[in-house]
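Structural features, examined
Chain by chain, the residues run as shown.
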Amino acid sequence: MADTVKFDRIAIVGAGLIGSSVARAIMRAGAAKTLAVADANDAVIKEARDLGFAHEFHADAKQAVADADIVILAVPVGAMASVGANIASGLKPGAIVSDVGSVKEGVFKALDPLLPDHVHLIPGHPVAGTEQSGPAAGFASLFDGRWCILTPSANTDAAALDRLTRLWEALGSKVEIMTAPHHDLVLAITSHVPHLIAYNIVGTASDLEEVTRSEVIKYSAGGFRDFTRIAASDPTMWRDVFLNNKDAVLEMLGRFSEDLTALQRAIRWGDGDALFDLFTRTRDIRRRIIDAGQDEETADFGRHHEE
Ligand code: NAP
């Protein structure tokens, strides 16, 4: 791990799965003299206070961000603009404003016009998570060994980018820099379309008339169960992802549909070689993900972790 960077004050807006995990990781790293967390939901902020993963807890984000060196927005992508409008006048000159949203170009376009020129807006996305939501679901090691993608613009201040990079490294992440549009295209195929497929297959299974719902549940170990884990992901978060990464998702879905049609044809014509070749290639991708340390050999659909 790189030398721990230390900030006088860090503020996190949104105390759910990701916001609370960032908070716990900041506390674990000792990266802030004062860590302030805000959430608009009274029940969430009460639960966060009980869990005690920060120094200060606020219902009003503007109070949390006052005098903060870094502000991290951890709310659904569709809520970024309203949070930005609320906190804009309370940000101190030189503050770094970042986020953890799963879409990057839309977040930048939503926040950039709202924030004062005297702050550094550098969007980010830790590529780590679970299908759970809320403050109790977070844990400090969520980002260990996982990638965090930062998407600075052409005129981003290099020193601010370096400080944000060092913060994510202190939280256990490996940092990658890319443009926001490229991020959105990559994540469309690695995350957004897979979630859409899971939502769709679970929806189709639950609508079937020839197979009872109890049979679907009883025999779910045949592959369906693994889709249900992904399809249990937060509805608000994923609605916002699809509404805000429309072009990239539609582009990848187009390619997906063409490949699915080719598979359909291979099955119809009994082309076993085509099926075997594809399944051999896909098995190799799985192996490479394990070799890259991005998953374990053993299945862990409950995502066990310490704490
Ligand atoms: P979450 O557990 O639902 O937490 C979001 C929190 O933000 C909730 O407590 C929510 O309150 C609060 N909130 C909503 N609007 C707000 C506002 N205007 N002001 C203050 N607080 C507000 O969601 P999450 O999974 O942590 O996701 C947060 C962000 O991380 C999203 O942008 C998502 O795309 C990104 N992300 C998620 C994952 C993942 O695996 N889940 C991974 C990487 C990145 P309510 O309960 O009232 O809605």
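All of these numbers come straight from a predicted model, not from anything done at the bench.

1. Some words on the pattern of salt bridges
Pairs can form between side chains of opposite charge once their charged atoms are near each other. Overall, the coordinates contain 15 salt bridges when judged by the stated rule. Here E105 and K109 are joined by a salt bridge, their closest N and O atoms 3.6 Å apart. Of this pair, E105 and K109 both sit in helix α5 (residues 105-111), separated by four residues, roughly a single helical turn. Judged by its relative accessible area of 31%, E105 falls in the partly exposed class.

2. Some details on the domain arrangement of the protein
We note that the domain assignment places domain 1 (7-178) and domain 2 (182-270) within the protein. One C-alpha centre belongs to domain 1, the other to domain 2, and the line joining them spans 29 Å. Counting residues at the interface gives 15 residues for domain 1, matched by 15 residues for domain 2. Of the roughly 1,200 Å² buried between domain 1 and domain 2 on both sides combined, carbon and sulfur atoms contribute 65%. Looking at the side of domain 1 facing domain 2, the largest losses of area belong to S102, V103 and E131, adding up to 42% of the total buried there. Our count for the domain 1 to domain 2 interface comes out at one salt bridge. Salt-bridge contacts for R229 lead to E131; the nearest nitrogen and oxygen are separated by 3.3 Å. Between the two partners, domain 1 and domain 2, sit seven residue pairs in polar contact (both at pLDDT 80 or more). Tallied by class, residues from the side of domain 1 that touches domain 2 come to six nonpolar, six polar and three charged.

3. Topic: the nonpolar core
Within the largest apolar cluster, 43 residues are counted, with the highest numbers of intra-cluster contacts made by V22, I26, V37, L167 and W168. When residues of this core are traced back to their parent elements, those giving at least two are β1 (7-13), α1 (17-29), β2 (32-38), α2 (42-51), β4 (70-73), β8 (147-150) and α6 (158-170). No other element matches the seven residues that α1 contributes to this core. Setting aside anything within four residues of it in sequence, one finds V22 in contact with I12, I72, V100, F143, W168 and L171. Formed by 33 residues, the second largest nonpolar core is a distinct cluster that contains A11, V83, A88 and V249.

4. What about the sheet that holds strand β7 (residues 124-126)?
The strand order across the open sheet formed by three strands is β7-β8-β9, and the pairing between neighbours is mixed. The open sheet has two free edges, formed respectively by β7 and β9 (174-177), since each of these has just one partner strand. Sheet twist, expressed as the mean angle between neighbouring strand axes with direction ignored, is 20°. Alignment of β7 against β8, held across three bridges, turns out to be antiparallel. Looking at the pairing, P126 lines up with C148 of β8.

5. A look at helix α4 (residues 80-87)
Buried within α4 we find M80, V83, G84 and I87. The arc that holds the buried residues of α4, viewed along the axis, is 100°, so those residues lie on one side. Those residues of α4 hidden inside the fold are in contact with β1, α3 (61-65), β4, β5 (96-99) and α5.

6. Overview of helix α10 (residues 235-244)
Buried within α10 are the following residues: W238, D240, V241 and F242. Each element contacted by the buried residues of α10 is listed here: α7 (180-207) and α11 (246-268). For α10, the N-terminal cap is D234; the gap from its side-chain oxygen to the backbone nitrogen of T236 is 3.3 Å.

7. Focus: the site of the ligand
As a structural note, the neighbourhood of the ligand is formed by 27 residues, with I18, D39, V75, S102 and G134 the closest of them. At 2.9 Å, a side-chain N or O of N41 approaches an oxygen atom of the ligand. With respect to the ligand, the backbone of G134 contributes an N or O atom lying 2.9 Å from an oxygen atom. Across the complex, the protein chains shield 81% of the 900 Å² of accessible surface that the ligand would expose by itself.

8. Focus on the packing of α11 against helix α12 (residues 272-291)
Contact geometry of α11 with α12 gives a least axis separation of 8 Å together with a crossing angle of 135°. Considered as vectors, α11 and α12 are oriented oblique to each other. On α12, the residues touching L263, A266 and I267 of α11 are A274, L275 and L278. When its residues are assigned to classes, the contact of α11 with α12 shows six nonpolar, no polar and no charged.

Parameters at a glance
- Residues numbered from 1 in each chain as written.
- Predicted model: local features only at pLDDT ≥ 70, side-chain atom pairs only at ≥ 80, totals over all residues.
- Heavy atoms only, no water.
- Salt bridge = Lys/Arg side-chain N within 4 Å of Asp/Glu carboxyl O.
- Helix = DSSP H or I, 4+ residues; strand = E, 2+ residues; numbered from the N terminus.
- Buried < 20%, exposed > 50% of the residue type's maximum accessible area, 1.4 Å probe, protein only.
- Domains from an automatic or database assignment.
- Contact = heavy atoms within 4.5 Å.
- Buried area = accessible area lost by both parts, 1.4 Å probe.
- Polar contact = N/O pair within 3.5 Å; in protein donor to acceptor, adjacent residues only side chain to side chain.
- Nonpolar A, V, L, I, M, F, W, Y, C, P; charged D, E, K, R; others polar.
- Core = buried A, V, L, I, M, F, W, Y, C linked by side-chain atoms within 4.5 Å.
- Pairing = 2+ DSSP bridges.
- Axes fitted to C-alpha atoms, helices over the stretch in contact; angles between N-to-C directions.
- Arc of directions from axis to C-beta.
- Near = heavy atom within 4 Å.
- Areas by Shrake-Rupley, 256 points an atom, 1.4 Å probe, with all protein chains shown as cover.
- Parallel < 35°, antiparallel > 145°, perpendicular 65-115°, else oblique.

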